[in-house]
Amino acid sequence: MHISLVLPWPPSVNHYWGQSGHRKFIGKKGVQFRKDVEEAVQLAGVYSLEGRLSVHVSLFPPDKRKRDIDNSMKSLLDACEHAGCYENDSQIDELHIIRKEVIKGGLCEMIIFQL
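Now for a quick tour of the structure.

Structural notes on the overall build of the protein chain
Along the protein chain, the regular secondary structure elements total 3 helices and 6 strands. Taken over the C-alpha trace, the protein chain has a radius of gyration of 14 Å; the compact-globule value for 115 residues is 13 Å, and the two agree within 12%. Principal axes of the C-alpha set define a box for the protein chain whose edges measure 40 × 35 × 25 Å. Counting across all 115 residues of the protein chain, residues that qualify as buried make up 37%. At a minimum sequence separation of 6, the contacts of the protein chain that also span at least 24 residues come to 82%.

This is the structure we're talking about:
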């Protein structure tokens, strides 16, 4: 079984989290991204996958700026967990990330396979 999703461009870790003193929280961009992912997951009729997982991610950046492709993974994987694609991102044994061509606004294609 697998899940296929087209999602918005994920915020980097620096924009996903906020901090106030010693308290860490999900920032405004992170909250909005979670909502967007949850909506996409509901529209796709996704069910929660169990067991060990393999995740394949194609990132289509919003512009040509230099960016680390792994910097968006934490927000993406956490948002998919929150939306119910899987119980916990610790289920992921394989993670494949590919940078693709620039698309205005950016987006992310994601396929989650049960191993």
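Here the narrative resumes, following the displayed structure.
Concerning the nonpolar core
Counting residues in each nonpolar core, the largest one holds 25 residues, and the members touching the most others are Leu7, Leu76, Cys80, Met110 and Ile112. For this core, the secondary-structure elements that each account for two or more residues are strand 1 (2–8), helix 2 (28–43), strand 4 (53–60), helix 3 (73–82) and strand 6 (107–114). Sorting elements by how many residues they give to this core places helix 3 first, with 5 residues. Among residues more than four places away in sequence, those in contact with Leu7 are Val37, Ala40, Leu76, Cys80, Leu107, Cys108 and Met110.

A closer look at the pattern of salt bridges
One pass over the structure, following the stated rule, counts 5 salt bridges. Residue Asp93 is joined to Arg52 by a salt bridge in which the shortest nitrogen-to-oxygen separation is 2.8 Å. Remark: Arg52 occurs in the loop between helix 2 and strand 4 and Asp93 occurs in strand 5 (residues 92–99); sequence separation between them is 41 residues. The partly exposed category is assigned to Arg52, whose relative accessible area is 39%. Among the ionic pairs, Asp78 bridges to Lys74, the shortest N-O distance being 3.4 Å. Taken together, the residues Asp78 and Lys74, both in helix 3 and 4 residues apart, mark about one turn of the helix. Among the charged side chains, a network of salt bridges with common partners joins Asp63, Arg65 and Arg67.

What about the state of the cysteines?
For the structure shown, the criterion picks out 0 disulfides. The closest cysteine sulfur to the non-disulfide-bonded Cys85 is located on Cys80, 4.4 Å from its own sulfur. By relative accessible area, which is 0% here, Cys85 ends up buried. The cysteine Cys108 is free of any disulfide, with Cys80 supplying the nearest cysteine sulfur at 7.4 Å. You can call Cys108 buried: its relative accessible area is 0%.

Section: the side chain of Ser72
Position of Ser72 relative to the elements: it lies in the loop between strand 4 and helix 3. Setting aside anything within four residues of it in sequence, one finds Ser72 in contact with Trp9, Pro10, Pro11 and Ser12.

Rules used throughout
- Residues numbered from 1 in each chain as written.
- Predicted model: local features only at pLDDT ≥ 70, side-chain atom pairs only at ≥ 80, totals over all residues.
- Heavy atoms only, no water.
- Helix = DSSP H or I, 4+ residues; strand = E, 2+ residues; numbered from the N terminus.
- Rg over C-alpha atoms; globule rule 2.2 N^0.38 Å.
- Buried < 20%, exposed > 50% of the residue type's maximum accessible area, 1.4 Å probe, protein only.
- Contact = heavy atoms within 4.5 Å.
- Core = buried A, V, L, I, M, F, W, Y, C linked by side-chain atoms within 4.5 Å.
- Salt bridge = Lys/Arg side-chain N within 4 Å of Asp/Glu carboxyl O.
- Disulfide = S-S within 2.5 Å.

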